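Understanding the architecture of this molecule
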Amino acid sequence: METEQLRNQLTTALTDYFEQVQMPKNSLFVLGASSSEVVGEWMGQATNAEVGTVIIETLLPILAEHHVLLAVQGCQHINRALLMERTTADRFGYDEVSVIPQLHAGGAAQVAAYQQFSDPVEVEHIVAAGGMDIGDTQIGMHVKFVQIPIKTTVSAIGQAHVTFMASRPKLIGGARATYADTTI
């Protein structure tokens, strides 16, 4: 996979996402990513540090432009712990857990984020406003209820299936209730 092609796919997908979703300032965006799936291999079988770096380097400035904070989901070997800046963890009151991501215990995107963040920490649970799942890594457990699928013009990053989620407040009250516009 060419680096420039990967950057273009990510940029297009994220541009499409943010044209449909206006996330609140300083809200959390969760990324799940399998670099193995991006290069066309089974999850965890061909971890690729360069792919992880490209994903994080492309994602960070786009999220910053939208004033959105990043949490990067780790793999099953670290119980899907999430890497974020310490200031983000402190802002949301998340408790730090002890682990340093490795290519085969955390994954390439977490390692890249760990290297690029100024003060990275791992936390166990979050509630994100939305997110991006590259390679079917199952980020839904980290996105606030009610989750909304977001369709973009990009269905794959490299060889990996990509999906997006946003969230909205619950609609309660039944047939007599009225609601503010909750479209995304």
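Residues numbered from 1 in each chain as written. Predicted model: local features only at pLDDT ≥ 70, side-chain atom pairs only at ≥ 80, totals over all residues. Heavy atoms only, no water.

**Thoughts on the pairing of strand 1 (residues 28–33)**
What counts is decided by this rule: Here's how the labels work: a residue is buried when its accessible area is under 20% of the maximum for its type, exposed when over 50%, partly exposed in between, all with a 1.4 Å probe on protein chains only. The helix count covers DSSP runs of H or I at least four residues long, the strand count covers runs of E at least two residues long, and both are numbered beginning at the N terminus. Here, strands pair whenever DSSP counts at least two bridges between them.
Counting buried residues in strand 1 gives 6 out of 6 residues, a clear majority hidden from the surface. Of the two faces of strand 1, the one lined by Leu 28, Val 30 and Gly 32 and the one lined by Phe 29, Leu 31 and Ala 33 are each fully buried. Strand direction decides the pairing type here: strand 1 and strand 2 (residues 69–73), joined by 4 bridges, are parallel. Bridging across to strand 2, Leu 31 finds its partner in Val 72. Note that strand 1 and strand 6 (residues 130–134) share 5 bridges and pair parallel. Paired with Leu 31 across the bridge in strand 6 is Met 132.

**A word on helix 1 (residues 3–20)**
Let me state the cut-off plainly: Here, expected helix span is obtained from the residue count minus one, scaled by 1.5 Å.
Relative to the 26 Å expected for 18 residues at 1.5 Å per residue, helix 1 spans 26 Å between its end C-alpha atoms, a close match to the ideal helical length. Among all positions of helix 1, only Leu 6, Gln 9, Leu 10, Ala 13, Leu 14, Asp 16, Tyr 17 and Phe 18 are buried.

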